[in-house]
Structures are given as structure tokens and as C-alpha cells.
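Architecture at a glance
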Amino acid sequence: MIRSVMVINTQGKPRLAKFYDNLPVEKQQELIRNVYGVLCSRAENVSNFVEAESFFGPETRLVYKHFATLYFVFVFDGSENELAMLDLIQVFVETLDKCFSNMHTILDEIVFGGQVLETSSTEVMKAVEEISRLEAASNSISLVPKSVSNWRSR
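Summarised in this report is the structure supplied together with it. What you are looking at is a predicted structure, and each value in this text was computed from that prediction instead of being measured. (Residues numbered from 1 in each chain as written. Predicted model: local features only at pLDDT ≥ 70, side-chain atom pairs only at ≥ 80, totals over all residues. Heavy atoms only, no water.)

**Here's the deal with the packing of aromatic side chains**
Filter applied, for reference: Between 30 and 60 degrees the pair is tilted, below 30 it is stacked and above 60 it is edge-to-face, where a pair is any two Phe, Tyr or Trp rings, Trp via its six-membered ring, whose centres lie within 6.5 Å. The cut-offs for exposure are 20% and 50% of the maximum accessible area for each residue type, with area from a 1.4 Å probe on protein chains only; residues under the lower value are buried, those over the upper are exposed, and the others partly exposed.
Summed over the entire model, instances satisfying the criterion amount to four aromatic pairs. Geometrically, the ring pair formed by Phe67 and Phe72 is edge-to-face, given 5.9 Å between the ring centres and 75° between the ring planes. A relative accessible area of 28% means that Phe67 is categorised as partly exposed. What makes Phe72 buried here is its relative accessible area of 5%.

Here it is, written out as C-alpha cells:
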């Protein structure tokens, strides 16, 4: 199970933090600080896999990729494959590259409740476009008749 997904900039500010365990906000902030502390102290030429047991509990690992000024981090337990998680980060980044404004929606299409839903960037983009289309259609629907709305503007 995926325990957490984080996007942290190189200054340590979280741009996205999603926890799939029910944790208090203070604990989430502590975990983000701990993860950033580990990442910023690692050399560029070392493995992208880190033991995270001291932060997240037994059999927990962390995989990350550093792109430009952002760290993309997935924290997961022993039931997930490390290389699959690294590939999932790549799918997330590729999809964000196509549609950055929907970061949370994209993540929710890839991972939901700590379980991987989709591994194809193309399929994720189709779902995000459909969601955007439905949101736009629902925003254009008015529940107030025009005669009433015209009356209010007088």
C-alpha cells in the first residue's frame, strides 16, 4: 500500500502532500520535514530508494525522483515493488507535464486510498479531461430560472 505521496520543492516547502493513513496534521508536517531532511542531504549519485522505517514504521520504504526544483516522493510498504513505484512517479510527472493545473485530480486518478488505480499516462489524461469537461458542463447549469436571476440584478 502506498502510505504517502509528496511533492516538495528544494527549499523544503511541500507543493503536494497526500497521506493515505489517518494522521494528525502535526504528524504529517513532521514527516514532511523528516523526508525533506533525508532528501536534501543525499548526494546526486546515490540510489533513489530509502528505508523509511524510522519515520513511517516497519517495512516502509521511500522512493523519490528529483526533477528541476522538485522532489517527487512515494512512501510505501512491503506489498509494493520499488521499481513499480519509481515507474509510477514517472507516470505522475509525465502527466503533470501535460496538465499541471490539475495536480490533485491527476494523483487521484493514479492512486486512490493508497492503491494504484492507473499506470498509463494516456488513460490518466483521458480521465482528467473528462472530469474537466463535466465540471465545465456543471458550472454552466443554473438552478435559478433566468426570470428570477434577472429580477435580482435590477
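Past the structure itself, the notes keep going.
**A short note on the pairing of strand β2 (residues 14-19)**
In plain terms, the rule: In this scheme, strands are said to pair when DSSP sees at least two bridges between them. Strands here are runs of E lasting at least two residues and helices are runs of H or I lasting at least four, both read from the DSSP assignment and numbered beginning at the N terminus.
Across five bridges, the pairing between strand β1 (residues 2-9) and β2 is antiparallel. Across the sheet, residue Ile8 finds its bridge partner in β2, namely Pro14. Between β1 and β2, which pair antiparallel in sequence order, lie four residues; one of them, Gly12, sits at a positive phi of approximately 95°.

**Considering the nonpolar core**
Rule in force here: What is meant by a nonpolar core is a set of buried Ala, Val, Leu, Ile, Met, Phe, Trp, Tyr and Cys residues, joined one to another through side-chain atoms within 4.5 Å. In this description, contact between two residues means that some pair of their heavy atoms is separated by no more than 4.5 Å.
Within the largest apolar cluster, 27 residues are counted, with the highest numbers of intra-cluster contacts made by Phe74 and Phe92. Contributing elements (two or more residues each) for this core: β1, β5 (70-77), α3 (82-98), α4 (103-110) and α5 (121-139). For this core, the leading source of residues is α3, giving eight residues. Residues contacting Phe74, with those up to four places away along its chain left out, are Ile2, Ser4, Val5, Arg61, Leu62, Val63, Met85, Leu88, Ile89, Phe92 and Val111. In this structure, Ile8, Phe19, Leu39 and Leu62 belong to the second largest nonpolar core, which totals 17 residues.

**Describing the environment of Lys65**
In plain terms, the rule: Polar contact criterion, stated in full: a pair of N or O atoms within 3.5 Å, where within protein one must be able to donate a hydrogen and the other to accept it, and residues adjacent in sequence count only if both atoms are side-chain atoms.
As for its placement among the helices and strands, Lys65 is situated in strand β4 (residues 60-67). For Lys65 and Ile89, which are 24 residues apart along the polypeptide, the C-alpha to C-alpha distance reads 7.4 Å. When sequence neighbours within four positions are dropped, the list of residues in contact with Lys65 reads Asn48, Leu70, Tyr71, Phe72, Leu86, Ile89 and Gln90. Side-chain polar atoms of Lys65 contact the side chain of Gln90, separated by 3.1 Å.

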